[in-house]
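Residue strings, one per chain:
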Amino acid sequence: MTRIFNFCAGPAMLPLPVLEKARDELLDFNHTGMSVMEISHRSAAFDEVADRSEACLRRLMSIPDDYAVLFLAGGATTQFAQVPTNLATANRPGAYIVNGSWSKKAFNIADRMGLAHLAASSEQNGFRAIPEPAEWDFDGSHAYLHYVSNETISGVQFQRPPEVAQTLVADMSSDILSRPVDVSKFGVIYAGAQKIICQAGFTVVFVRKDLLLDLPQVIADLHSWKVQEQKGSRLNTPATFAWYIAGLVFEWIEAQGGVERMAELNRNKSERLYNYIDDSSFYLNDIPAEFRSHMNIPFKMTNESLHGQFISEAEAAGLSSLKGHRSVGGMRASIYNAMPIEGIEALIEFMADFEQKTG
Ligand code: PMP
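Conventions used here
- Residues numbered from 1 in each chain as written.
- Predicted model: local features only at pLDDT ≥ 70, side-chain atom pairs only at ≥ 80, totals over all residues.
- Heavy atoms only, no water.
- Helix = DSSP H or I, 4+ residues; strand = E, 2+ residues; numbered from the N terminus.
- Rg over C-alpha atoms; globule rule 2.2 N^0.38 Å.
- Buried < 20%, exposed > 50% of the residue type's maximum accessible area, 1.4 Å probe, protein only.
- Contact = heavy atoms within 4.5 Å.
- Areas by Shrake-Rupley, 256 points an atom, 1.4 Å probe, with all protein chains shown as cover.
- Phe/Tyr/Trp six-rings, centres within 6.5 Å; stacked < 30°, edge-to-face > 60°.
- Near = heavy atom within 4 Å.
- Polar contact = N/O pair within 3.5 Å; in protein donor to acceptor, adjacent residues only side chain to side chain.
- Nonpolar A, V, L, I, M, F, W, Y, C, P; charged D, E, K, R; others polar.
- Core = buried A, V, L, I, M, F, W, Y, C linked by side-chain atoms within 4.5 Å.
- Axes fitted to C-alpha atoms, helices over the stretch in contact; angles between N-to-C directions.
- Parallel < 35°, antiparallel > 145°, perpendicular 65-115°, else oblique.
- Left-handed = near helix turned anticlockwise from the far one by under 90°.
- Pairing = 2+ DSSP bridges.
- Salt bridge = Lys/Arg side-chain N within 4 Å of Asp/Glu carboxyl O.
- Expected span 1.5 Å × (residues − 1).

(A) Local environment of the overall build of the chain. Assigned secondary structure in the chain consists of 9 helices and 14 strands. Taken against the 2.2 N^0.38 rule, which gives 21 Å for 359 residues, the C-alpha radius of gyration of the chain at 21 Å falls within 12% of a compact globule. Its C-alpha atoms give the chain principal-axis dimensions of roughly 65 × 55 × 30 Å. Considering the chain as a whole, with its 359 residues, one finds that 54% of them fall into the buried category. A fraction of 65% describes how many contacts in the chain between residues 6 or more apart in sequence connect residues 24 or more apart. With an accessible surface of roughly 15,700 Å², the chain has 50% of that area assigned to carbon and sulfur atoms.

Below, the structure written as structure tokens:
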């Protein structure tokens, strides 16, 4: 068996012990004689999977009891629509900080629904920064302030949540469980799963319970967080196997020492790579240090014509999916919780060899 280091932004690599456990349990889960994929989402065996997974996530993130935890289908993009659907009205739109492609998408979807207000944008500088908080334009007439805690494409991350009096809503798709977060500061946190939690198509959503509101009759129950909470995230058939894998990943994180330990390891990994890039005159990351992501590290070479060769030779050397997003170009190393330090060391070694060979 050959496992490579997968630097893909998502779907991303999962911890090997999780994959091994899923493999071992694939044909006969918990003496049911079936795979988790084959058991009813309303069976006692699946109740146990769902409860265990939620309990572990609640422990990891110290989620207060007055928050609902939902496990929904549809990815983070579905939440781009469900956030305004559940919280905003035409008279009380949501305010949006736009500091990258994903926050722009979230804003655009809410805007098309007539439910968004642009509080600030850093698009004019190519999304290389977070707009200065003093310049954010929003107030108590807005239902919430939405932001994306880590912009996966540009590699720009909020180092801490914004301090605001309004209901805070965060898309944490690409940094959930990578560092401690005080959930009680948020009205809503959501995250698409395919980077840090499990496979694609699955989403976790935390909602403070006073924000579980009744929706107008014309809106399908499937989009109502309140109905989903009442139905235990099982209004219809949920993504059962994803839910199960999510639980295994939560338990893996707990066994590693929890979110604090993840943060320590992630800081160490990202610092190693940034330091290497900053010390080199061959590679470059142009995001100011105070906005740099610990999860997604884009970089370029001063000689851009070498990018294609770098990416294909890296792939051949077992360092997969380093191609930067098409809107940014260059390379990007996505180094979520499951990426071991050995992956960073192998990447740095490859980068040094490549520079020596071509520089
Ligand atoms: N938000 C962020 C921060 C993302 O990185 C992504 C996916 N890369 C999305 C939202 C969209 O997620 P999905 O494809 O699950 O809808």
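(B) Examining the packing of aromatic side chains more closely. What the rule picks out here adds up to 20 aromatic pairs. Where F299 meets F310, the ring centres are 5.9 Å apart and the plane angle is 80 degrees; that geometry is what we call edge-to-face. In this pair, F299 is assigned in strand β12 (residues 296-301) and F310 in helix α8 (residues 307-316), connecting sequence segments 11 residues apart. Considered together, F299 and F310 belong to a single accessibility category, that of buried residues. Consider the rings of F350 and F354, whose centres lie 6.1 Å apart with planes at 25 degrees: the pair is stacked. Of the two residues, F350 and F354 both sit in helix α9 (residues 341-358), 4 residues apart, roughly one turn of that helix. For the pair formed by F350 and F354, the shared burial category is buried. Three or more aromatic residues link up through ring pairs in this structure, and these residues are Y276, F282, Y283, F299, F310, F350 and F354.

(C) Expanded view of the site of the ligand. T77, T152, D171, Q194 and K195 are the nearest of the 13 residues found near the ligand. For the ligand, an oxygen atom lies 2.5 Å from a polar atom in the side chain of T77. Between the ligand and D171 there is a distance of 2.6 Å, counted from a nitrogen atom to a side-chain nitrogen or oxygen. Top element by residues in the shell around the ligand is helix α3 (residues 75-87). It accounts for 4 residues. Within the shell around the ligand, the residues separate by chemical class into 4 nonpolar, 7 polar and 2 charged.

(D) Representation of the nonpolar core within the structure. Membership of the largest hydrophobic core comes to 64 residues, with the highest contact counts inside it found for L57, I176, L177 and F206. Contact partners of F206, with chain neighbours within four places excluded, come to L57, M61, I63, Y67, A68, V69, I176, V183, G187, V188 and I189. Core analysis: the next-biggest nonpolar cluster, separate from the first, contains 28 residues, Y274, A314, L322 and I335 among them.

(E) Up close: the packing of α3 against helix α4 (residues 101-112). With their axes 9 Å apart at the nearest point, α3 and α4 run at an angle of 45 degrees to one another. For the element pair α3 / α4, the angle class is oblique. The hand of the α3/α4 crossing is right-handed. Facing α3, whose interface residues are T77, F80, A81 and P84, α4 presents W102, K105, A106, I109 and A110. In terms of residue class, the contact of α3 with α4 is built from 7 nonpolar, 1 polar and 1 charged.

(F) The arrangement of the sheet that holds strand β11 (residues 283-284) in detail. Read from one edge of the open sheet, 3 strands run β11-β12-β14, paired in antiparallel fashion. Among the strands making up the open sheet, the edge pair consists of β11 and β14 (331-334). The pairing of β11 with β12 spans 2 bridges and is classified as antiparallel. Bridge pairing links Y283 to M301 in β12. In this fold helix α7 (residues 258-279) packs onto β11, β12 and β14, with an angle of close to 15 degrees to the strand it touches most, β12.

(G) Local environment of the pattern of salt bridges. Tallying each qualifying case throughout the model produces 16 salt bridges. For E264, the salt bridge identified is with R261, shortest N-O distance 2.7 Å. You can see E264 and its partner R261 sitting in helix α7, 3 residues apart, about one turn around the helix. D278 is paired through a salt bridge with R292; the nearest N and O atoms lie 2.9 Å apart. On the criterion of sequence distance, the pair formed by D278 in helix α7 and R292 in the loop between β11 and β12 is long-range, its members being 14 residues apart.

(H) Spatial organisation of helix α2 (residues 44-61). The end-to-end C-alpha separation of α2 is 26 Å, in line with the 26 Å expected for 18 residues at 1.5 Å each. Listed as buried for α2 are F46, V49, A50, S53, C56, L57, R58, L60 and M61. Residues of α2 that are buried in the fold lie against β2 (67-73), β10 (202-208), α6 (240-256) and α7. The positive-phi residue at the C-terminal boundary of α2 is S62, with phi of around 45 degrees.

(I) The environment of L14, seen in detail. Here L14 lies in the loop between β1 (5-6) and α1 (16-24). For the pair L14 and V249, spaced 235 residues apart in the sequence, the C-alpha separation amounts to 7.9 Å. When neighbours within four sequence positions are excluded, L14 is seen to be in contact with R3, L19, I197, C198, I245, V249 and A338.

(J) Spotlight on α7. Between the first and last C-alpha of α7 there are 32 Å, a value that for 22 residues agrees with the 32 Å anticipated at 1.5 Å per step. Those residues of α7 that sit buried are G258, V259, M262, A263, N266, K269, S270, L273, Y274, Y276 and I277. Buried-residue contacts for α7 involve α2, α6, β11, β12, β14 and α9.

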